[in-house]
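# Structural features, examined
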Amino acid sequence: METFFETITETQKTSLEAAASFTDSCLIVAERINQLNIEVTHTVFEKSAEMALLCLESSLSKVKQ
């Protein structure tokens, strides 16, 4: 009977380790996706600001002419 409980305990320990490993992997992936979203959003805002500045400069140069 003692071996039975040892087997169950070892199986549960292995299952918990696998679940913890899977959870860590999911968290790493989620963190990386969030970081990529931040980088992409930052780049988009930079490019958008550059485009707005170019449009404004173009409009101002046409008004001056």
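Just above sits the structure.
To start, this report covers the structure provided alongside it. Computed from a predicted model, the values in this text were never measured in an experiment. (Residues numbered from 1 in each chain as written. Predicted model: local features only at pLDDT ≥ 70, side-chain atom pairs only at ≥ 80, totals over all residues. Heavy atoms only, no water.)

We now examine the packing of aromatic side chains. Under the defined criterion, the tally for this structure stands at one aromatic pair. Between the aromatic rings of F4 and F5, the centroid separation amounts to 5.7 Å while the plane-to-plane angle is 65°, which identifies the pairing as edge-to-face. On the basis of relative accessible area, F4 is assigned to the partly exposed category, the value being 47%. (Phe/Tyr/Trp six-rings, centres within 6.5 Å; stacked < 30°, edge-to-face > 60°. Buried < 20%, exposed > 50% of the residue type's maximum accessible area, 1.4 Å probe, protein only.)

A separate point is the pattern of salt bridges. What the rule picks out here adds up to one salt bridge. K47 serves as the salt-bridge partner of E50, at 3.8 Å between the closest nitrogen and oxygen. In this pair, E50 and K47 are both assigned in helix α1 (residues 2-64), three residues apart and thus about one turn of the helix distant. Given the relative accessible area of 44%, E50 is considered partly exposed. Look at K47 and you get partly exposed, because its relative accessible area is 48%. (Salt bridge = Lys/Arg side-chain N within 4 Å of Asp/Glu carboxyl O. Helix = DSSP H or I, 4+ residues; strand = E, 2+ residues; numbered from the N terminus.)

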